[in-house]
Amino acid sequence: MRKTRRKVATSIRLQGIVICSGAIIAATFLILALGGYSGSAQANIAPTHRDPRLATLASGTTFVSGVPMVLPEGGATINAQFVLRKLTTTQIANVKLTANRAVKIARTYVNAQPFTATTLLTSFTSINSVPPPGTKEPANVIENVPAWVVTFTNPNPQVVTQGKPTSPRSAPTHFSIVINANTGVFVLGFFTS
């Protein structure tokens, strides 16, 4: 009888750990998904956190919540995570990939779905990839990469967080794939509302 109680107690503890772990992961994804929402694709709203990299990398840009159709004069910062700037003359001269080819490559990352695609040629930076000042560990830095940002729009928003969505904003309608404009290599992908 004691063995049976121990097995039941161990089983219940393990189930509790799994449920708690799942809840923590779901909460983390929800916070990440909703944390950068600024309310408008063209709103110049300052981010609520103080990441020293943001001040340096996003200086002079317009803060937006999605990939703009046309890049603002000073560039754009999407959800305090990605910086898009105009290409330099040297960068433009080295672009080898056409917009059509970038869309074809990007479609392989969205399972060839027939979603509407738009493209934006830009100098792309992922703020989170840039190590904070004083960091000595090696990093895969994505900074000022000439890139095509290919944005697919899904008319039926897909929930990308675990659990029940708390608002329509947790179901993004745009999935952007960043493709290196010189090499055609995948850089990264991200969701926006």
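All of these numbers come straight from a predicted model, not from anything done at the bench.

J.: Mind showing me how you'd approach the pattern of salt bridges here?
T.: Should their charged atoms come close, side chains of opposite charge can pair. Within this structure, the stated rule accounts for 1 salt bridge. With a shortest N-O distance of 3.4 Å, glutamate 73 and lysine 86 are connected by a salt bridge. Residue glutamate 73 is located in the loop between strand 1 (62-64) and strand 2 (76-78), and its partner lysine 86 is located in the loop between strand 3 (82-85) and helix 3 (89-94); the two are separated by 13 residues in the primary sequence. The exposure class assigned to glutamate 73 is exposed, which follows from its relative accessible area of 69%.

J.: Can you help me understand helix 4 (residues 99-107) in this one?
T.: Owing to its 3.6 residues per turn, the α-helix aligns residues three or four sequence positions apart on the same side. Regarding helix 4, the residues found buried are Ala102, Val103, Ile105 and Ala106. All buried residues of helix 4 project into a common sector of 165° when viewed along the axis, lining one side. Turned more than 90 degrees off the buried face of helix 4, the exposed positions are Asn100 and Lys104. For helix 4, the secondary structure elements touched by its buried residues are strand 4 (116-126), strand 5 (145-153) and strand 6 (174-180).

J.: Got a minute to help me understand the sheet that holds strand 2 in this structure?
T.: Pairing between sheet strands relies on hydrogen bonds along the backbone, with the strands arranged either parallel or antiparallel. The 7 strands lie next to each other as 1-2-3-4-5-6-7, forming an open sheet whose pairing is mixed. In the strand order of this sheet, the two ends are held by strand 1 and strand 7 (186-192), each with one partner. Strand-to-strand, the axes of this sheet are offset by a mean angle of 35°, without reference to chain direction. Where strand 2 and strand 3 come together, 3 bridges link them in antiparallel fashion. Across the sheet, threonine 77 pairs through a bridge with valine 83, a residue of strand 3.

J.: Would you take a moment to explain the confidence of the model for the protein for this structure?
T.: Segments scoring low in pLDDT should not have their predicted coordinates read at a detailed level. Mean pLDDT over the protein stands at 77; residues scoring 70 or higher make up 66%. In the model of the protein, helix 1 (residues 2-35) stands out as the element of lowest mean pLDDT, 41, in contrast to strand 3, which has the highest, 98.

J.: What should I look at first to understand a nonpolar patch on the surface in this one?
T.: Among the surface-exposed residues, Tyr109, Val185 and Phe186 lie close enough to one another that they form a single nonpolar patch of about 270 Å² accessible area. Structurally, phenylalanine 186 is set in strand 7.

J.: For this particular structure, what's the right way to read the nonpolar core?
T.: Ranked by size, the top nonpolar core spans 17 residues in total, and within it Leu84, Phe124, Val178, Leu188 and Phe190 carry the most contacts. Put simply, the parts of the chain that give this core at least two residues each are strand 2, strand 3, strand 4, strand 5 and strand 7. If sequence neighbours within four positions are ignored, leucine 84 has contacts with Val67, Pro68, Leu71, Gly75, Ala76, Ile78, Leu120, Thr122, Ser123, Phe124 and Val149. One finds Val103, Val110, Phe152 and Ala181 within the second-largest nonpolar core, a separate group that totals 12 residues.

J.: Where do I start with the pairing of strand 3 in this structure?
T.: Remark: a regular strand shows side chains that alternate across the two faces of the sheet. Where strand 2 folds back onto strand 3 in an antiparallel hairpin, the turn is made up of 3 residues, including asparagine 79, whose phi is positive at roughly 45°. In terms of strand pairing, strand 3 meets strand 4 through 4 bridges, oriented antiparallel. If you follow leucine 84 over to strand 4, its bridge partner there is phenylalanine 124.

J.: Looking at this structure, how should I read the packing of aromatic side chains?
T.: Each pair of aromatic rings is reported with the distance of its centres and the angle of its planes. With the rule as written, the count across this model stands at 5 aromatic pairs. Ring plane angle 25° and centroid distance 5.6 Å describe the contact between phenylalanine 82 and phenylalanine 124, whose orientation is recorded as stacked. Placement of phenylalanine 82 in strand 3 and of phenylalanine 124 in strand 4 is noted, with a sequence separation of 42 residues between them. By relative accessible area, which is 8% here, phenylalanine 82 ends up buried. Here the aromatic rings of phenylalanine 82 and phenylalanine 190 are separated by 4.3 Å at their centres, their planes lie at 25°, and the arrangement is stacked.

J.: It is not clear to me how the side chain of asparagine 180 should be interpreted in this structure. Could you clarify?
T.: Take asparagine 180: it is sitting in strand 6. With a relative accessible area of 16%, asparagine 180 lands in the buried category. A polar contact is formed between the side chain of asparagine 180 and the backbone nitrogen of asparagine 182, at a distance of 2.8 Å. Setting aside residues no more than four positions away along its own chain, asparagine 180 makes contact with Leu97, Val145, Pro146, Ala147, Val185 and Val187.

Thresholds, definitions, all that
- Residues numbered from 1 in each chain as written.
- Predicted model: local features only at pLDDT ≥ 70, side-chain atom pairs only at ≥ 80, totals over all residues.
- Heavy atoms only, no water.
- Salt bridge = Lys/Arg side-chain N within 4 Å of Asp/Glu carboxyl O.
- Helix = DSSP H or I, 4+ residues; strand = E, 2+ residues; numbered from the N terminus.
- Buried < 20%, exposed > 50% of the residue type's maximum accessible area, 1.4 Å probe, protein only.
- Arc of directions from axis to C-beta.
- Contact = heavy atoms within 4.5 Å.
- Pairing = 2+ DSSP bridges.
- Axes fitted to C-alpha atoms, helices over the stretch in contact; angles between N-to-C directions.
- pLDDT = per-residue confidence, 0-100.
- Patch = residues over 30% accessible without salt bridge, like charges linked within 9 Å, V, L, I, M, F, W, Y side chains within 5 Å.
- Areas by Shrake-Rupley, 256 points an atom, 1.4 Å probe, with all protein chains shown as cover.
- Core = buried A, V, L, I, M, F, W, Y, C linked by side-chain atoms within 4.5 Å.
- Phe/Tyr/Trp six-rings, centres within 6.5 Å; stacked < 30°, edge-to-face > 60°.
- Polar contact = N/O pair within 3.5 Å; in protein donor to acceptor, adjacent residues only side chain to side chain.

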